[in-house]
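# Structural overview
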Amino acid sequence: MIIAIDGPAASGKGTLGKRIAGHLGLAHLDTGLLYRAVAAQCLARGVLDDVAASAEAARSLDVGTLDPAHLRTGALGEAASVVAARREVRAALVDLQRRFAARPGGAVLDGRDIGTVICPDATVKLFVTASPEVRAERRFKELAARDPLASYEAVLADIHKRDARDSGRATAPLARADDAILLDTSGLGIEEAFQAALDIIEAARTRRG
Ligand code: DC
């Protein structure tokens, strides 16, 4: 069983992916971490603008060394969105993601192009979204707990910028696959969103037999 979860920044897809994987006993890959790790390497070497260097960083990426705690920063999200727009970087990460998806026990992958490009034959496809304002509010609350200078307006502007770049790029843009089921979490808490996702997965599995 392969569960593909796509959606924009701060839509809650990562949290959902992790919980669904834990609940169903499946492996989970947050594919945003791959692009974040590529961006982190490029920034450390001062080569963020260099397409060939970012593609090389993607080719030599070791999934075993991904460190979510260091990779999930706002600055790396923005830099990840820049390197992720490059065809060469995306191409270098396709096989790795497909191998992960094909593991015998099944897997949950979340990202931007899982249902459209990486796993077009996924058992279940979810497109998780929420309004930009709701996503910004959630991200702002997380940030404000650590940083008293955090600004809601700045977070909202960042969300709009990332949405535009991730949806507007030529290669594998953020898009809902035709057969993906939309889950709008704007009015839902984490528990409600999780239950709604499980209901969708159960219904899709039943339909597929
Ligand atoms: O999901 P995230 O915020 O960790 O992703 C960071 C950036 O990486 C996002 O702005 C776009 C890019 N990304 C992508 O292009 N394709 C994916 N499958 C996952 C992430």
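Our structure's up above, just so we're on the same page.
Fair warning: this is a prediction, and the values are worked out from it, not measured in the lab.

### Observations concerning the nonpolar core
- Of all hydrophobic cores here, the largest spans 34 residues; its most connected members are Leu34, Tyr35, Val38, Leu93 and Leu109.
- Every element with two or more residues in this core is listed here: helix H2 (32-45), helix H3 (51-59), helix H5 (74-83), helix H6 (87-101), strand S3 (107-111) and helix H7 (114-118).
- With 7 residues, H2 is the single largest residue contributor to this core.
- Not counting chain neighbours up to four residues away, the residues in contact with Leu109 comprise Ile3, Ala4, Ile5, Leu29, Thr31, Gln97, Phe100, Ala101 and Ile114.
- In this structure, Leu26, Leu126, Leu183 and Ala197 belong to the second largest nonpolar core, which totals 18 residues.

### Focus: the pairing of S3
- Among the 5 residues in S3, 5 count as buried, and that is most of the element.
- Every second residue of S3 is oriented toward a common face, with Ala107, Leu109 and Gly111 on one face and Val108 and Asp110 on the other, all of them buried.
- Pairing of strand S1 (residues 2-6) with S3, which is carried by 5 bridges, proceeds in the parallel orientation. Bridging from a neighbouring strand, Ile2 pairs with Ala107 of S3.
- Of the pairings in the sheet, the one linking strand S2 (residues 27-30) to S3 comprises 4 bridges and is parallel in character. Opposite Leu29, over in S3, you have Leu109 as the bridge partner.

### Overview of the sheet that holds strand S5 (residues 181-184)
- Here 5 strands make up an open sheet; going across it, the order is S2-S3-S1-S4-S5 and the pairing parallel. Strand pairing shows two members of the sheet lacking a second neighbour, S2 and S5, which therefore form its edges. Averaged over all adjacent pairs, the angle separating strand axes in this sheet is 20°, with direction ignored.
- Each of S1, S2 and S3 touches H6; the most contacted strand, S3, lies at about 145° to it.

### Considering the packing of aromatic side chains
- Taken as a whole and assessed by the stated rule, the structure comprises 1 aromatic pair.
- A cation sits over an aromatic face here: Arg19 above Phe194, 4.0 Å from the ring centre.
- The ring of Phe100 has Arg103 sitting right over it, with the charged end atom 4.1 Å from the ring centre.

### A look at the site of the ligand
- Taken together, 15 residues are adjacent to the ligand, and Arg36, Arg90, Arg162, Asp166 and Arg169 come closest.
- Taking Arg162, its side chain carries an N or O atom lying 2.8 Å from an oxygen atom of the ligand.
- Separating an oxygen atom of the ligand from a side-chain N or O atom of Arg169 is a distance of 2.8 Å.
- When the ligand is considered free in solution it has 450 Å² of accessible area, and contact with the protein chains removes 96% of it.
- Those elements that place two or more of their residues in the shell around the ligand are H2, H5 and helix H9 (152-168).
- Element by element, the count of residues in the shell around the ligand is highest for H2, at 3 residues.
- Considering only residue class, the shell around the ligand consists of 3 nonpolar, 4 polar and 8 charged.

### What to know about the environment of Asp178
- Mapped onto the elements, Asp178 comes out in the loop between H9 and S5.
- What makes Asp178 exposed here is its relative accessible area of 82%.
- The spacing of Asp178 and Thr116 is 62 residues in sequence and 8.5 Å in space, taken between C-alpha atoms.

The rules behind the values
- Residues numbered from 1 in each chain as written.
- Predicted model: local features only at pLDDT ≥ 70, side-chain atom pairs only at ≥ 80, totals over all residues.
- Heavy atoms only, no water.
- Core = buried A, V, L, I, M, F, W, Y, C linked by side-chain atoms within 4.5 Å.
- Buried < 20%, exposed > 50% of the residue type's maximum accessible area, 1.4 Å probe, protein only.
- Helix = DSSP H or I, 4+ residues; strand = E, 2+ residues; numbered from the N terminus.
- Contact = heavy atoms within 4.5 Å.
- Pairing = 2+ DSSP bridges.
- Axes fitted to C-alpha atoms, helices over the stretch in contact; angles between N-to-C directions.
- Phe/Tyr/Trp six-rings, centres within 6.5 Å; stacked < 30°, edge-to-face > 60°.
- Lys NZ or Arg CZ within 6 Å of the ring centre and 35° of its normal.
- Near = heavy atom within 4 Å.
- Polar contact = N/O pair within 3.5 Å; in protein donor to acceptor, adjacent residues only side chain to side chain.
- Areas by Shrake-Rupley, 256 points an atom, 1.4 Å probe, with all protein chains shown as cover.
- Nonpolar A, V, L, I, M, F, W, Y, C, P; charged D, E, K, R; others polar.

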